[in-house]
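Secondary and tertiary structure notes
One letter stands for each residue in the lines below.
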Amino acid sequence: MASKPPVAVYDACVLYPFHLRNVLIQCAFDGLVEARWTDDIHDEWIRNLAANTPALPIERLIATRDRMKAVLPDADVADYHRLIPDLQLPDSDDRHVLAAAIAGKASLIVTWNLKDFPARDLASHGVASQSPDAFLTDLHAAFPDALISSVKRARQNLRKTMPSVDMFIDALQQSGLKTFPALLRQKIGGLI
């Protein structure tokens, strides 16, 4: 790889949708990004997904979290709580994410909630926020072939219920991505 991968905190809202989480984790596993998260971030996406999908056993979500931690052991950020009281964000409940970025030496927070992480509050810490759509599109610009291969592996991870390429791209689009699915449709041959 010609350039160094970004270091990014994955906010709970981007770990919540199954297919998006799968792609983001695969990108980190493949070395396109150095992912960061905390137990608080995991607790948040698991709690919200369990509340919104009662038929999905919490044990399955905890097992997913444990697999994520096992394949990306360096993603865990631990010593961040001490930073929280001194941080300013529009929603004080989001300060733990910025604290994780600072402690984890991340330059990015990947989140759908961009309004909760304004540039004016992040810049002094050397951190920016980016939507997962922009993040994945930028990863493609930096590592085009590697990113397409990573997305292909993410789809192939779904051995029991592997969707067609079109269905997989549709699922990513349904998770809120717009630009990135359109880019994938242009590269569909690389995903088969």
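Residues numbered from 1 in each chain as written. Predicted model: local features only at pLDDT ≥ 70, side-chain atom pairs only at ≥ 80, totals over all residues. Heavy atoms only, no water.

1. Quick look at the sheet that holds strand S3 (residues 108-110)
- Taken in spatial order, the 4 strands of this open sheet run S2-S1-S3-S4, and their pairing is parallel. Each edge of the sheet is formed by a strand with only one pairing partner; in this case those strands are strand S2 (34-36) and strand S4 (128-130). Neighbour to neighbour, the strand axes of the sheet diverge by 30° on average, direction disregarded.
- Contacting strand S1 (7-10), S3 and S4, helix H7 (residues 132-142) crosses the sheet at an angle of about 95° to S4. (Pairing = 2+ DSSP bridges. Helix = DSSP H or I, 4+ residues; strand = E, 2+ residues; numbered from the N terminus. Axes fitted to C-alpha atoms, helices over the stretch in contact; angles between N-to-C directions. Contact = heavy atoms within 4.5 Å.)

2. Focus on the pairing of S1
- Of the two faces of S1, the one holding Val7 and Val9 and the one holding Ala8 and Tyr10 are both buried throughout.
- Here 3 bridges tie S1 to S2, and the two strands are oriented parallel to one another. Directly across from Ala8, in S2, lies its bridge partner Ala35.
- Here S1 runs beside S3; their pairing, made up of 3 bridges, is parallel. Each residue of the ladder has a partner; that of Tyr10, found in S3, is Val110. (Buried < 20%, exposed > 50% of the residue type's maximum accessible area, 1.4 Å probe, protein only.)

3. Topic: the packing of helix H2 (residues 18-29) against helix H9 (residues 165-174)
- Closest axis-to-axis distance for the H2/H9 pair is 8 Å, and the angle between their directions is 105°. When the axis of H2 is compared with that of H9, the two are roughly perpendicular. Listed contacts from H9 to His19, Leu20, Asn22 and Val23 of H2 are Phe168, Ala171 and Leu172. (Parallel < 35°, antiparallel > 145°, perpendicular 65-115°, else oblique.)

The values are spatial; any link to function lies outside them.
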